[in-house]
Amino acid sequence: MALRVSPAKPSTDLRLLDLASEYVRRRGAARLTVTEIAEAAGMSHANVYRYFRSKTALLEAVTAAWLAPLEAGLRIIADAPDPAHDKLERLLFAIHRAYRDKLTTDPKIFDLLCAATEAQADIARRHQQRIARALSRILDEGHGSGAYLIDDQAAATLFVLDAMHRFLSPATVRADAEIPRVELESRAAKLLSIVGQALARGAL
């Protein structure tokens, strides 16, 4: 007789994250309290603090959990063998589409990133740094292949981020929610074409 293997129970920290995520979806982050999460988990609020030192840390962990697959995808794009401009386009559209999808399907969780970005919280800074690293790697590769003429790597990275800000900022993605996706992506593609031309000419 084959042995039945019981599915592993989620770790306590993951269970707390799931509870916090569902609470935010139902009632919003402002109304979340550690005490209520503790009660839902069947533990004392002091025990929750063993895993998350504060409500802020718990909300940052919720934000990090949904950003993690996006950030992993950006690293895969940056490491791909495609031409630099193809990777640049894929990277920037991956960020924009992930934000737009989250805003559409999970708006209160997306609001956590907006709030963290506005407050320049650690989770937002780390996310921006990971985006910048992936972008910088693509630009460096493009320079090495001769596709881009770049004298200052940091300046080139900032140039792309500044030029594409409307499509990469959580706040502006939220502000543009009523604009049809196809229109926004068409506008982003046109702007990105100009950015690519500037990088190719070294006109920074």
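Let me begin by describing the structure that accompanies this report.

Calculation rules
- Residues numbered from 1 in each chain as written.
- Predicted model: local features only at pLDDT ≥ 70, side-chain atom pairs only at ≥ 80, totals over all residues.
- Heavy atoms only, no water.
- Helix = DSSP H or I, 4+ residues; strand = E, 2+ residues; numbered from the N terminus.
- Buried < 20%, exposed > 50% of the residue type's maximum accessible area, 1.4 Å probe, protein only.
- Contact = heavy atoms within 4.5 Å.
- Areas by Shrake-Rupley, 256 points an atom, 1.4 Å probe, with all protein chains shown as cover.
- Salt bridge = Lys/Arg side-chain N within 4 Å of Asp/Glu carboxyl O.
- Phe/Tyr/Trp six-rings, centres within 6.5 Å; stacked < 30°, edge-to-face > 60°.
- Axes fitted to C-alpha atoms, helices over the stretch in contact; angles between N-to-C directions.
- Parallel < 35°, antiparallel > 145°, perpendicular 65-115°, else oblique.
- Nonpolar A, V, L, I, M, F, W, Y, C, P; charged D, E, K, R; others polar.
- Core = buried A, V, L, I, M, F, W, Y, C linked by side-chain atoms within 4.5 Å.

**Some points on the overall build of the chain**
Piece 1. A count of helices and strands for the chain gives 11 helices and zero strands.
Piece 2. Secondary structure of the chain in N-to-C order comes out as α-α-α-α-α-α-α-α-α-α-α.
Piece 3. If you line up the chain on its principal axes, its C-alpha atoms span 60 × 50 × 30 Å.
Piece 4. In the chain, which comprises 204 residues, the share counted as buried stands at 40%.
Piece 5. Across the chain, contacts joining residues at least 24 apart in sequence account for 69% of those joining residues at least 6 apart.
Piece 6. A total of about 11500 Å² of accessible surface is found on the chain, and carbon and sulfur atoms cover 54% of it.

**What about the pattern of salt bridges?**
Piece 1. For the coordinates displayed, the defined rule picks out 14 salt bridges.
Piece 2. Here Glu 71 makes a salt bridge to Arg 130, at a shortest N to O gap of 3.1 Å. Pair noted here: Glu 71 is in helix α4 (residues 55–79) and Arg 130 is in helix α7 (residues 122–145), with a separation of 59 residues, a long-range link.
Piece 3. Residue class for Arg 130 comes out partly exposed when judged on its relative accessible area of 32%.
Piece 4. With its nearest N and O atoms 2.8 Å apart, the salt bridge here joins Glu 141 to Lys 87. Taken together, the residues span a long stretch of sequence, with Glu 141 in helix α7 and Lys 87 in helix α5 (residues 84–105) at a distance of 54 residues.
Piece 5. What makes Glu 141 partly exposed here is its relative accessible area of 32%.
Piece 6. For Lys 87, a relative accessible area of 0% corresponds to the buried category.
Piece 7. Here the salt bridges do not stand alone but share partners, grouping Glu 22, Arg 25, Lys 102 and Asp 106 into one network.

**Side note on the packing of aromatic side chains**
Piece 1. For the coordinates displayed, the defined rule picks out two aromatic pairs.
Piece 2. A connected cluster of aromatic rings, assembled from ring pairs, spans Trp 66, Tyr 99 and Phe 110.

**Focus on the side chain of Thr 63**
Piece 1. Of note, Thr 63 is situated in helix α4.
Piece 2. Taking relative accessible area as the criterion, Thr 63 reaches 2% and is therefore assigned buried.

**Some words on the packing of α4 against α7**
Piece 1. Look at α4 against α7: their axes get within 10 Å of each other, and the N-to-C directions meet at 5°. Classified by the angle between their axes, α4 and α7 sit roughly parallel to one another. Side by side, α4 and α7 meet where Glu 60, Thr 63, Ala 64, Leu 67, Leu 70, Glu 71, Leu 74, Ile 77, Ala 78 and Asp 79 of the first sit next to Asp 122, Ile 123, Arg 126, His 127, Arg 130, Ile 131, Ala 134, Arg 137, Ile 138 and Glu 141 of the second.
Piece 2. Of the residues assigned to the contact of α4 with α7, the class counts are 10 nonpolar, two polar and eight charged.

**Notes on the nonpolar core**
Piece 1. Counting residues in hydrophobic clusters, the biggest one holds 56 residues, and the most contacted among them are Leu 88, Leu 91, Tyr 99, Val 160 and Met 164.
Piece 2. When residues in this core are grouped by element, the largest group, 10 residues, is from α4.
Piece 3. Sequence-distant contacts of Leu 88, that is, excluding residues within four places in its chain, are made with Leu 135, Ile 138, Tyr 148, Val 160, Leu 192 and Leu 199.

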